[in-house]
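# Summary of the model geometry
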Amino acid sequence: MSTMSHSATMGAEAHTQPKAKVRNLSLDRARTFLTLVVLLHHAVIPYTYFGHTDPKYFFGFDMIVLATDSFFMAMFFFLSGLFAWSGIARKGAPSYLADRLLRLGLPFVICAFTIIPLAYYAISLRHNPEIGFSEYWWNMVTKGPWPSGPIWFLWVLFAFDVVACILHRLSPNLLDPINRLSLHGRRRPAVFFAVMLAITAAFYVPGLMYFGPSSWFEFGPFSVQHGRVMLYASYFFFGAGIGVANMDRGLLAADGRMAKVSWDWMVLAIVPYCLLWVLIFIKREILGNPSPLPNWYEGLYAICFAVFSVAIMFLILAFFQRFKQSGSARLLDPMQADAFGMFLVHYPIALWLQYWLFDYNLPAIVKATIVFVLTVALSWALTRALRQIPGATKVL
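Right, let's walk through the structure included here. Keep in mind that what you see is a predicted model, and the values were worked out from it rather than measured.

### Some points on the packing of helix α3 (residues 59–69) against helix α13 (residues 262–286)
A pair of packed helices can be characterised by two numbers: the angle between their axes and the separation between those axes. Direction vectors running N to C along α3 and α13 enclose 115 degrees, while the axes themselves pass 11 Å from each other. As for how α3 packs across α13, the hand of that crossing is right-handed. Here Phe59, Asp62, Met63, Ile64, Leu66 and Ala67 of α3 come into contact with α13, specifically with Tyr273, Leu276, Trp277 and Ile280. Grouping the constituent residues of the contact of α3 with α13 by class yields nine nonpolar, no polar and one charged.

This is the structure:
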């Protein structure tokens, strides 16, 4: 009887009208931090074992790329999902999707025809120095391949928004169990962590084992990694479930327990990250980089990946909650309004800087530092300039 009463109380709490919203600075800072992580990821890739397109190399960048690739896009979907369900309930599906089409669809189309060709032209010139940009652009658009670079995130996120609208129409209460779990997670975040890990792993592990790590869906500029689609979807809908109602009284509450156990999340992140490196060593030095890899290997790698991905996300969220008053966290605030624009415009800046630095005999650390610092500065300045265009702030 007491259990039923508790469940009823949790259900009622999930559907009480939220109070007037106060902007959550810790979430804003986490999103801005992730944007800088994306820029760092793209700045160092040419100087890694995996993306060794420059003669210079530094193993520390492999450590960065392994970590960033294992969580940052999933976390972006989680943060985006936080405001999806409540946005649909508040605006209605047609109005919500119209807003998302403006915010995601328009930038995707513009970037696919401008930003992406500009970026990949720098790579093309290394292989074919004689080709002009107009010829390269026409070949990309008409013959392909037409890579999407980082903007694949936009169309996949819009697709998740469409699915969310359909599910909300079928049952507005569909995500209530996640919301109740979030409210419970204010006091016991480990339970939310365990459930989220179990479900995201259940979606990701079979996908990776079936498709492998290198299989992509590609249709013109529309692309996404086959093995990670359901992982991204699970992160998005976990975020949406938290955001159903009373987000400020659940897992992400400012006075919740999640931030108080931030060091536990660090341990939970470090252990699987180290195990990923053990598995990479086994693949390269013992198995001899076979293709395809054995199923047992893909399964173990996927499990470690899933644990690290959830743990590092919890660690980042806990960090920004715990230190929301610190000066270092506040350093991100001036960039917050421009973070999305920086995500959209940074890619050609990074690739052209790498193109120009290619022939210089500089250490990999120096090259990557130059690329990262200038990519941040130039993409931020360009975004600021673009946001001065009338109406641009509705998109950027």
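### Comments concerning the nonpolar core
Across soluble globular proteins, nonpolar side chains have a tendency to be buried as a group. Formed by 124 residues in total, the largest nonpolar core has its most connected members in Phe77, Phe78, Phe314 and Leu317. No other element matches helix α14 (residues 295–322), which puts 17 residues into this core.

### Some points on helix α5 (residues 84–91)
When α5 is considered as a whole, its buried residues turn out to be Ala84, Trp85, Gly87 and Ile88. Looking down the long axis of α5, one finds its buried residues gathered within 165 degrees of arc, a one-sided arrangement. Away from the buried face of α5 by more than 90 degrees, exposed residues Ala89 and Arg90 are located. On its buried side, α5 packs onto α4 (72–81), α6 (93–113), α9 (152–170) and α12 (229–242). Two residues or fewer past α5, glycine 92 is found with a positive phi of approximately 90 degrees.

### Thoughts on the packing of α6 against α9
Where α6 contacts α9, the axes come no closer than 9 Å and their chain directions differ by 170 degrees. Classified by the interaxial angle, the pair formed by α6 and α9 is roughly antiparallel. From α6, Ala93, Tyr96, Leu97, Arg100, Leu101, Leu104, Pro107 and Phe108 reach across to α9, where they touch Leu154, Trp155, Leu157, Phe158, Asp161, Val162 and Cys165.

### Some words on α13
Here α13 is 25 residues long and its end C-alpha atoms lie 36 Å apart, about the 36 Å a rise of 1.5 Å per residue gives. All of the buried residues in α13 are Ser262, Trp265, Ala269, Pro272, Tyr273, Leu276, Trp277, Leu279 and Ile280. Summarising the contacts, the buried residues of α13 are in contact with α3, α11 (189–211) and α14. One or two residues past the end of α13 sits glycine 288, with phi positive at roughly 75 degrees.

### A few points about the side chain of arginine 387
With respect to the element layout, arginine 387 can be found in the segment after α17 (364–386). A polar side-chain atom of arginine 387 sits 2.6 Å from the main-chain carbonyl oxygen of leucine 396. In this structure arginine 387 touches Ala337, Asp338, Ala392, Thr393 and Leu396, once residues within four positions along its chain are discounted.

What counts, and at which threshold
Residues numbered from 1 in each chain as written. Predicted model: local features only at pLDDT ≥ 70, side-chain atom pairs only at ≥ 80, totals over all residues. Heavy atoms only, no water. Axes fitted to C-alpha atoms, helices over the stretch in contact; angles between N-to-C directions. Helix = DSSP H or I, 4+ residues; strand = E, 2+ residues; numbered from the N terminus. Left-handed = near helix turned anticlockwise from the far one by under 90°. Contact = heavy atoms within 4.5 Å. Nonpolar A, V, L, I, M, F, W, Y, C, P; charged D, E, K, R; others polar. Core = buried A, V, L, I, M, F, W, Y, C linked by side-chain atoms within 4.5 Å. Buried < 20%, exposed > 50% of the residue type's maximum accessible area, 1.4 Å probe, protein only. Arc of directions from axis to C-beta. Parallel < 35°, antiparallel > 145°, perpendicular 65-115°, else oblique. Expected span 1.5 Å × (residues − 1). Polar contact = N/O pair within 3.5 Å; in protein donor to acceptor, adjacent residues only side chain to side chain.

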